[in-house]
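Residues per chain are reported as follows:
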Amino acid sequence: MANQKPPKEDFSLKETSPNISGRRVSTGPMTAFDLVEHMQYLFVRVVKARGLPAIADPYVELKLGNYRAITRHMVKNPNPEWNQVFAFSKDRIQVVSVEILVKDKAVVAEGSDHRTIGKFGFALAEAPTRVPPDSPLAPQWYMLEDKNKARIGGELMLSFWIGTQADEAFPEAWHADVAAVSGEGVSSTRSKVYLSPRLWYMRVNVIQAQDLVLKDKNKKTAEFFVKAQFGNLILRSVVSPNKTVNPTWNEDLMFVVAEPFDDPLVVSVEEKLNNNKEESVGRIVVPLGDVAKRNDAAAAAPKWYDLGMVEVVAGVQKEVKFASKVQMRVSLDGGYHVLDEPAHSTSDLRPTAKILWKPPIGVLELGILNATGFSPMKPKNQVDAYCVAKYGMKWVRTRTVVDSLSPKWNEQYTWEVYDPCTVITIGVFDNGNLQDKAAMDLSIGKVKIRLSTLETDRIYTHSYPLVALQPSGVKKMGEIQLAVRFSCPNMLNLLQLYSQPLLPKMHYVLPLSIYQLASLRHQAALILWLRLSRAEPPLRKEVVDCMLDATAHLWSFRRGKANFDRIIKLFDGLVALFKWFDQIRKWTNPLASAIVYITFVFVLCQPGLTIAAVFLCLSFRGALDYRKRPRQIAHIDTELSHAYDVHPEDLDEEFDSFPSKKTGDVLKRRYDRLRGIAGRIQAVLGDIATQGERVQSLLSWRDPRATALFVIFCLIVGIVFCVVPAWWLALFAGTYVMRPPYWRINIPTFPQNFLRRMPAKSDSIL
């Protein structure tokens, strides 16, 4: 019993029935938030005060039971303005009145409590109820009283009301559940919407240079290459094949740039010296505002640029131009879609240029309701969870629910949809920025939903398991409840997209190489993080990398086995069909073999009816399977991912950094294992290439006798096909294949033997 494995956790997707207005008949005012449960809050907006003592440093304090909220204080201002909103969850309010105090912070230095200038109070039952789209409640002036309820000269302008998370004041309000957070950490708890910058591919086509100046005048030849720099990224061309002062390259250097274009493009021509050093022979600075934008495959016009050198004169850097020139084509290619996510799970397929965009075909609505079953992720046994959802250029971040293992967000967001074959990603993170800015926002789990698998206008409410792969193995971090709805007003526009290319036309007319796409995707992820980190609160690097699957390209032994199993299962049907036919042609079951042969003869006699019958059978089979169609959204499959049977050594390798931090025997063992696997893959790829090359060599005359035999064979077959009806030949071939075992010889056939004797390029490999 001690050796038994622990029971597997439940990673299944569960359908839920939350109390959302989208699934029931509403009896009250209609709101846009119909995919989330309505949560009531008491909102208090403190606007300003007047008539306060001139020597005071006033601030406002709100008391609501055990909750205490304060505004920022004003220095020596009798008419301060705060304009701050405070939100208190009505479910947690256990008192019947709210007390609002105007205090003076100037007496702190004296070591006593802050002096109360005046106060105002109201009963919770007096707060009016406001439901959008009603206009905001107008604030009013209220007289301040002292502790004896006698009026004083000061007044306070405020408003208070009962609302929901649909209120426009909700995102910027101070929430009572973040009372333990102080300082700048409060801003990182608010919900925000971020927009990705518009990304462009910048193509720098370096053509040639003229009249370059050699550093060593005695040299007759020189090696030149071009170095292009944009921001912190530097790309280098190959060394020019003609080693003269007029080198040529004709090479493309590709960058990802984001609007607005802050940095210029710096291109320099470098000379390789004998001592393995490099020295610039001239450079140019190209502002991106002067670069042409193109939307099709028409090449940009080449342009000659004067090279300059930076010289220091009297301690001042000065650009000096001389006769050397370089010819380049520099363009911003707006016909491409800049891939920042894996190609199989991208959330946007539009080209960069807005003029090429087509109208949206629908709307995606996402309700982030709540989560349950979180495990503590901090030393104080707490989780400060928030969600990030990305679709297209729009990122959303929910508010942070502080110190809760079962947080409730109930926030709803909307995106325009331009293509149904896209994926929305929802990630859950633990906010590490509340107390320690150096701490990371750890990932709790992630959910991906493909829009093409959703029925239109249906509300999907499911509880998704948050699965994380850790160095100790796979673990369920909790569950998150989401509500999703994909609406499409015009089904014809939606169906029309299935006949169009997935990516913009430029990806097919002027394709980029695999290496270029990998490098450009890395650049795009880095630029997105740099731009999103400028926001307040910022989206941190670990969050952006997780949402973009920035490490999906790294080696994983576990994923390698999973992909291998996918390939094997893909061919299971073909293998089973081949085994069945092999038994049929060997007459293992004579009755079945006879039926198959009779069917074959009928197919030859009536080919038109047979083809029609096949398509009708496929249509009938598809109609029968409609009742068995999947009703749930596809989610992570731990069995398919080999998450349970993975070896600890494989997990340790998967979580190793890149480059590896391992040394010694561990690194040697992993390298040897990788060489063994790569060797087997290399052998399989070599065998496939050999078979293809043997087919190509049939007419290449590398083996003159074999090619002569094949040419004569083709001539004879051509004459036979001209004389004999095709169905006779097919009947003869089918009869030969279906011949009984008595007439068989268990040796390879003539075509197999002939093909295996053909030469291949494997003979030329060293």
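Residues numbered from 1 in each chain as written. Predicted model: local features only at pLDDT ≥ 70, side-chain atom pairs only at ≥ 80, totals over all residues. Heavy atoms only, no water.

- Taking an unreviewed UniProt entry as the reference, the protein chain is identified by name as FT-interacting protein 1-like belonging to Prunus avium.
- As stated in UniProt under Subcellular location (unreviewed entry), the record for the protein chain gives "Membrane".
- In the Sequence similarities (unreviewed entry) part of its UniProt record, the protein chain is described as follows: "Belongs to the MCTP family." (UniProt positions renumbered as here; feature names shortened; annotations may be inferred.)

## Considering the overall build of the protein chain
Then, number 1: Looking only at helices and strands, the protein chain has 13 helices and 28 strands in total.
Then, number 2: Within the span of the protein chain, comprising 766 residues, buried residues form 42% of the whole.
Then, number 3: Partitioning the intrachain contacts of the protein chain with sequence separation of at least 6 by distance along the chain shows that 69% fall at a separation of at least 24.
Then, number 4: Total accessible area on the protein chain is roughly 43,500 Å²; 59% of this is exposed by carbon and sulfur atoms. (Helix = DSSP H or I, 4+ residues; strand = E, 2+ residues; numbered from the N terminus. Buried < 20%, exposed > 50% of the residue type's maximum accessible area, 1.4 Å probe, protein only. Contact = heavy atoms within 4.5 Å. Areas by Shrake-Rupley, 256 points an atom, 1.4 Å probe, with all protein chains shown as cover.)

## Remarks on the sheet that holds strand β21 (residues 362-372)
Then, number 1: Strand order across the open sheet formed by five strands is β1-β27-β28-β21-β24, with antiparallel pairing between neighbours. The open sheet terminates on both sides in strands that have one partner only, identified here as β1 (14-15) and β24 (408-417). (Pairing = 2+ DSSP bridges.)

## Considerations on a nonpolar patch on the surface
Then, number 1: A contiguous nonpolar surface patch, about 470 Å² in accessible area, is contributed by Leu577, Trp580, Phe581, Tyr736 and Val737.
Then, number 2: Listing elements by their share of the nonpolar patch, those giving two or more residues are α6 (572-585) and α12 (726-737).
Then, number 3: At three residues, α6 tops the list of elements feeding residues into the nonpolar patch.
Then, number 4: Its place among the elements puts Val737 in helix α12.
Then, number 5: Owing to a relative accessible area of 32%, Val737 belongs among the partly exposed residues under this scheme. (Patch = residues over 30% accessible without salt bridge, like charges linked within 9 Å, V, L, I, M, F, W, Y side chains within 5 Å. Salt bridge = Lys/Arg side-chain N within 4 Å of Asp/Glu carboxyl O.)

## Looking at the packing of helix α3 (residues 514-532) against helix α4 (residues 541-548)
Between two packed helices, the angle of one axis relative to the other and the distance separating the axes together describe the packing.
Then, number 1: The contact between α3 and α4 brings their axes to 9 Å, and the two run at 140°. As judged from the angle between their axes, α3 and α4 are oblique. In this structure, α3 crosses over α4, and the sense of that crossing is right-handed. Between α3 and α4, the contacting residues are Arg521, Ala525, Leu528, Trp529 and Leu532 on the first element and Lys541, Val544 and Leu548 on the second.
Then, number 2: For the contact of α3 with α4, the residue count by class is six nonpolar, no polar and two charged. (Axes fitted to C-alpha atoms, helices over the stretch in contact; angles between N-to-C directions. Parallel < 35°, antiparallel > 145°, perpendicular 65-115°, else oblique. Left-handed = near helix turned anticlockwise from the far one by under 90°. Nonpolar A, V, L, I, M, F, W, Y, C, P; charged D, E, K, R; others polar.)

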